[in-house]
Amino acid sequence: MNLLVDPSWLAEHLDEVVVVDVRWSIGGGTAEATRSFEAGHIPGAVFLDVDRDLAGDPATGPGRHPLPSPDTFARTLGAVGMGADVPIVAYDNAGGSLAARLWWMLDAISRRVALLDGGLGAWPGSIETGLGVPRAPVAVKPRPWPGDRLVDAGGVAAALLAGTPVMDARAPERYRGEVEPLDPVAGHVPGARSVPWAGNLGADGRFQTRDDLRDRYRALGVETGAEAIAQCGSGITACHDLFAMRLAGLADARLYVGSWSDWVRDPTHAVAAGPEPGP
């Protein structure tokens with residue numbers, strides 16, 4: 001199983017992997033995301049919601065989508081039958097921008113996991129409705145989040161001073177501070193580069209070639225083996241940039257989990273607006 005799997009490959013190996021459908025509804029919460037899953041998903045897929053399953057209590061921070069505790073995440077995986085020995089293919093209906101969060105979480109704890117290129121829209125087979133037949137729960141041993149894959153606000157500030165590339169995966173208009181639908185302050189971290197996650201995809205909604213992705217990130221100063229940091233609004237879509245860099249064979253960059261939603265909670269943090277420095 002490659003890092004990125006083709007829908008035709010998945011159709012041939014559907015009974016050899018656990019397929020995970022990752023959904024998120026900004027306005028409707030878990031209930032709306034669940035209804036979307038019930039309306040149609042890849043047969044046999046299990047459902048994980050970003051708010052409920054891939055994040056901890058936002059009151060605990062950092063940011064709107066902190067990582068769940070290792071114990072909580074292990075219970076989540078076990079409840080849907082995602083045992084340690086089974087390979088996992090994650091997908092969504094949003095260009096991989098949500099499924100990449102699950103990819104990062106599983107990859108960080110050394111689980112075999114891939115993304116489905118093109119997501120639900122590229123699936124060539126039949127669609128299943130309803131909640132489906134649940135997988136038998138299993139025991140999963142908790143594994144700690146690796147500190148070398150994460151960075152906090154202080155680490156971001158230090159990285160910028162050192163010239164380390166810090167990439168903001170949000171939409172360009174949010175980076176520029178023209179709109180901010182989720183957080184109380186608009187703009188971006190001074191010195192961060194605008195690298196929208198959607199730019200990792202082609203017009204067909206599938207990932208660009210490895211060469212094209214390598215060119216994109218090298219133009220931002222990201223080289224093989226070099227340090228880099230990805231952030232977004234709350235640590236979700238930043239994982240799309242992290243996945244793209246891995247796919248391109250470049251830096252194994254770190255995630256600023258709290259991202260913009262954590263940065264602006266501290267009034268002493270500087271805020272920038274406008275297009276600079278841009279990609």
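Here we summarise the structure given alongside this text. (Residues numbered from 1 in each chain as written. Predicted model: local features only at pLDDT ≥ 70, side-chain atom pairs only at ≥ 80, totals over all residues. Heavy atoms only, no water.)

**Section: the overall build of the chain**
At step 1: The secondary structure content of the chain amounts to 10 helices and 10 strands.
At step 2: Expected size for 279 residues packed as a compact globule is a radius of gyration near 19 Å; at 18 Å, the chain falls within 12% of this value.
At step 3: Its C-alpha atoms give the chain principal-axis dimensions of roughly 50 × 40 × 30 Å.
At step 4: Burial status across the chain gives 53% buried among its 279 residues.
At step 5: Surface accessibility of the chain: about 11600 Å² in total, with carbon and sulfur atoms responsible for 53%.
At step 6: A gap of 3 Å separates the mean positions of the 24 positive and 35 negative side-chain charges of the chain. (Helix = DSSP H or I, 4+ residues; strand = E, 2+ residues; numbered from the N terminus. Rg over C-alpha atoms; globule rule 2.2 N^0.38 Å. Buried < 20%, exposed > 50% of the residue type's maximum accessible area, 1.4 Å probe, protein only. Areas by Shrake-Rupley, 256 points an atom, 1.4 Å probe, with all protein chains shown as cover. Lys, Arg positive; Asp, Glu negative; His and termini not counted. Charge placed at Lys NZ, Arg CZ, Asp CG, Glu CD.)

**So, helix 4 (residues 70-79)**
At step 1: Along helix 4, the residues classified as buried are Phe-73, Ala-74, Thr-76, Leu-77 and Gly-78.
At step 2: Buried residues along helix 4 sit against strand 3 (46-49), helix 3 (50-53) and helix 5 (99-108).
At step 3: Where helix 4 terminates, the next one or two residues include Gly-81, which has phi positive at roughly 75°. (Contact = heavy atoms within 4.5 Å.)

**Quick look at the side chain of Thr-34**
At step 1: In this structure, Thr-34 sits in helix 2 (residues 29-39).
At step 2: Classification of Thr-34 as buried rests on a relative accessible area of 18%.
At step 3: Contact partners of Thr-34, with chain neighbours within four places excluded, come to Phe-47 and Leu-131.

**Re the nonpolar core**
At step 1: The biggest cluster of nonpolar side chains holds 58 residues, and the ones touching the most others in it are Val-20, Phe-73, Met-82, Leu-102, Trp-104, Leu-115 and Tyr-217.
At step 2: Counting only elements with at least two residues in this core, the list comes to strand 2 (18-23), strand 3, helix 4, strand 4 (88-91), helix 5, strand 5 (113-116), helix 8 (210-218) and helix 9 (238-247).
At step 3: Broken down by element, this core gets its largest block of residues, 8 residues, from helix 5.
At step 4: With residues up to four places along the chain from it excluded, the contact list for Val-20 reads Val-46, Leu-48, Met-82, Ile-88, Val-89, Ala-90, Tyr-91 and Leu-102.
At step 5: Judged by nonpolar contacts, the second largest core, of 15 residues, contains Val-19, Ala-114, Leu-116 and Leu-120. (Core = buried A, V, L, I, M, F, W, Y, C linked by side-chain atoms within 4.5 Å.)

**Observations concerning the pairing of strand 5**
Side chains on a regular strand alternate between the two faces of the sheet.
At step 1: Because side chains alternate across strand 5, one face comprises the buried residues Val-113 and Leu-115, and the other comprises Ala-114 and Leu-116, equally buried.
At step 2: Relative to strand 5, strand 1 (residues 4-5) is paired through 2 bridges, and the arrangement is parallel. Each bridged residue has a counterpart across the sheet, and for Leu-4 the counterpart in strand 5 is Leu-115.
At step 3: When strand 4 meets strand 5, the two strands line up parallel, connected through 3 bridges. Paired with Ala-90 across the two strands is Leu-115, which belongs to strand 5.
At step 4: Handedness of the crossover joining strand 4 and strand 5 through helix 5: right-handed. (Pairing = 2+ DSSP bridges. Right-handed = clockwise from strand over helix to strand, strands pointing away.)

**As for unusual backbone geometry**
At step 1: Of note, the bond from Gly-61 into Pro-62 is cis; its omega dihedral lies within 30 degrees of zero at 0°.
At step 2: By secondary structure assignment, the location of Pro-62 is in the loop between helix 3 and helix 4.
At step 3: The phi torsion at Ser-110 lies on the positive side, around 65°, for a residue other than glycine.
At step 4: When you line up the elements, Ser-110 lands in the loop between helix 5 and strand 5.
At step 5: For Ser-110, a relative accessible area of 55% gives the class exposed.

**Considerations on the packing of helix 8 against helix 9**
When two helices pack together, their arrangement is given by the angle between the helix axes and by the axis-to-axis distance.
At step 1: It is at 8 Å that the axes of helix 8 and helix 9 come closest, and there the two elements cross at 115°. Handedness of the crossing formed by helix 8 with helix 9: left-handed. Contacts between helix 8 and helix 9 involve Arg-210, Leu-213, Arg-216 and Tyr-217 on the former and, on the latter, Asp-241, Ala-244, Met-245 and Leu-247.
At step 2: Classifying every residue of the contact of helix 8 with helix 9 by side-chain character gives 5 nonpolar, no polar and 3 charged. (Axes fitted to C-alpha atoms, helices over the stretch in contact; angles between N-to-C directions. Left-handed = near helix turned anticlockwise from the far one by under 90°. Nonpolar A, V, L, I, M, F, W, Y, C, P; charged D, E, K, R; others polar.)

Bear in mind that shape data such as this cannot, by itself, settle questions of function.
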